[in-house]
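# Structure assessment
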Amino acid sequence: MNRKLKNIVIFGIFLLLLFLSTFSSFFGTEYNWPLASNRSTSFDGLIFDEPANVSNLNVTRSVREEEGNVLIKYDVGFSYTGEPSNMRILGTPVRQIYFPEDVQPRKSNVTLKGEYGKVNENLFTKLKLKDLYTKRDDYGFTTNSELRVPMREAIKDYKFTVYESPRSLVYRGKTKLADTAVFLTNGRIEKFTDAKLAEEKSGISPSTKTDSQSGLYINSLELIHDKAVKNLSLVANINSVLFIGSTLVLLVLLWLDKEKLQPLYMVLMMIILVTFHRFIDSGVSTKAVLLIYPIYAFIAACLSKLMGKDEIWLSKNELKQSIGFTIIFFVLILIIIIIPRAF
C-alpha cells in the first residue's frame, strides 16, 4: 500500500476509535448539562376554568434575590363575575399566597392537558439561548399545578402575590448561564408590566418576549449571565478552531510525508483527542479524562510512530517512547482539565 494512503487510513482508524468512544457511558450530554442543576420546571401562570368571566387582569413581574436564590414575583389583580368556577396556579409557589378574605385555595396536584406541547415547541424557537436549553432531551416546560382556587362573583376583586423559582441553565453543574421563567394565562391580559428585573452592573441582561398561541398569553423572561455565556462561546470556538485546524494540518503533513515533520504527528493527534468530544458537543466525565484519555493517548502515540514507517510494527524502544509520551500527556491533562474542574 502507498505510504501516504496508509498514513491517512491509520488516521481514519484513530478518528473512528474516537467516534466509537462516544457510545461509552463516560461521555454524554449529562456531563455538560447535569439533570441535578438543569431540571425542567413548570410554566408559571394562571389558568381559568371560565376565562371569559375574568376582566381587568393585571400582572406585574419583578425579580427578587434572597440568600443567593433568584425568585420571580408576580403581583396579580383582576375582577371576576359570573357563575362560580376555579382558577389553577401553575408551578410550585415558594411562599404562602395571601388571597382575599373568604377565598380558600385547595391543594390539588395535577398536570394540565392541552396544547402545551405546541406552546413549548414555539417558545424554544424564540428564546435567546434556545440552542443551549435544548441540549437535554427533556428541555420543555411542564404544566404542573398544585393549587386550585375557587372563584366567586361575591369576591369580585382578586389581588394576591405569587413567588416562583425560575428554571436555571447551568453548565457542568457550576456555571450558571441563565434563569428562565415563562408566564402563561388563558385570561385576557389588560396589562403585563415588568418592574425591576436586574441590578445595574450586575452582569445580567434580562430578555423578555411576548406571544400568544392556542388561546394562551405567553410572556417569557431570561435573566442571562452575559460573561458566562460569552466565555462558554469563546471556549467552544477556540476548541473548534483547534480541532479543525489540527485535523487539516495533520492531513497536509501526512500527504507531504516529510521525515523531519513526523514528530508533529503525535502532538496534533493529542490536540485532536482532547478537542474531539467538545467539537461534536459531547460531554466528557472526569473518569473519561483520567482513564479513557490516557489509553487513547497511548494508541495515538503508537499510531503516530507507525505513520513514519513503511512497516506496521513497533520496536520496544518505540513502545517505551509512546508510554513516556502518554505519561507526559497525563500530567498535562491533570493540570489543564482536572485541576480547573476541582474549583
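Check the entry above for the structure.
Computed from a predicted model, the values in this text were never measured in an experiment.

### What about unusual backbone geometry?
- A positive phi angle, near 55°, is found at Glu67, a position not held by glycine.
- Its place among the elements puts Glu67 in the loop between β2 (54-66) and β3 (69-80).
- Among the residues examined, Glu67 registers a relative accessible area of 82% and is labelled exposed.
- One non-glycine residue, Asp257, lies in positive phi territory at about 55°.
- Its place among the elements puts Asp257 in the loop between α5 (226-256) and α6 (263-279).

### Describing the nonpolar core
- Counting 33 residues, the largest nonpolar core has Phe14, Leu250, Met270, Leu273 and Tyr293 as the members making the most contacts within it.
- Put simply, the parts of the chain that give this core at least two residues each are α1 (3-21), α5, α6, α7 (286-307) and α8 (316-341).
- Per element, the largest residue contribution to this core is 11 residues, and it comes from α7.
- Counting 32 residues, the second largest nonpolar core, distinct from the first, contains Val70, Phe78, Tyr80 and Phe160.

### Describing the packing of α6 against α8
- For the pair α6 and α8, the least separation of the axes is 12 Å and the interaxial angle reads 40°. Classified by the angle between their axes, α6 and α8 sit oblique to one another. Crossing geometry of α6 relative to α8 is assigned as right-handed. Only Phe325, Phe329 and Ile333 of α8 make contact with α6, whose side of the interface consists of Met266, Met270, Leu273 and Val274.

Here is what the cut-offs are and how they apply
Residues numbered from 1 in each chain as written. Predicted model: local features only at pLDDT ≥ 70, side-chain atom pairs only at ≥ 80, totals over all residues. Heavy atoms only, no water. Helix = DSSP H or I, 4+ residues; strand = E, 2+ residues; numbered from the N terminus. Buried < 20%, exposed > 50% of the residue type's maximum accessible area, 1.4 Å probe, protein only. Core = buried A, V, L, I, M, F, W, Y, C linked by side-chain atoms within 4.5 Å. Axes fitted to C-alpha atoms, helices over the stretch in contact; angles between N-to-C directions. Parallel < 35°, antiparallel > 145°, perpendicular 65-115°, else oblique. Left-handed = near helix turned anticlockwise from the far one by under 90°. Contact = heavy atoms within 4.5 Å.

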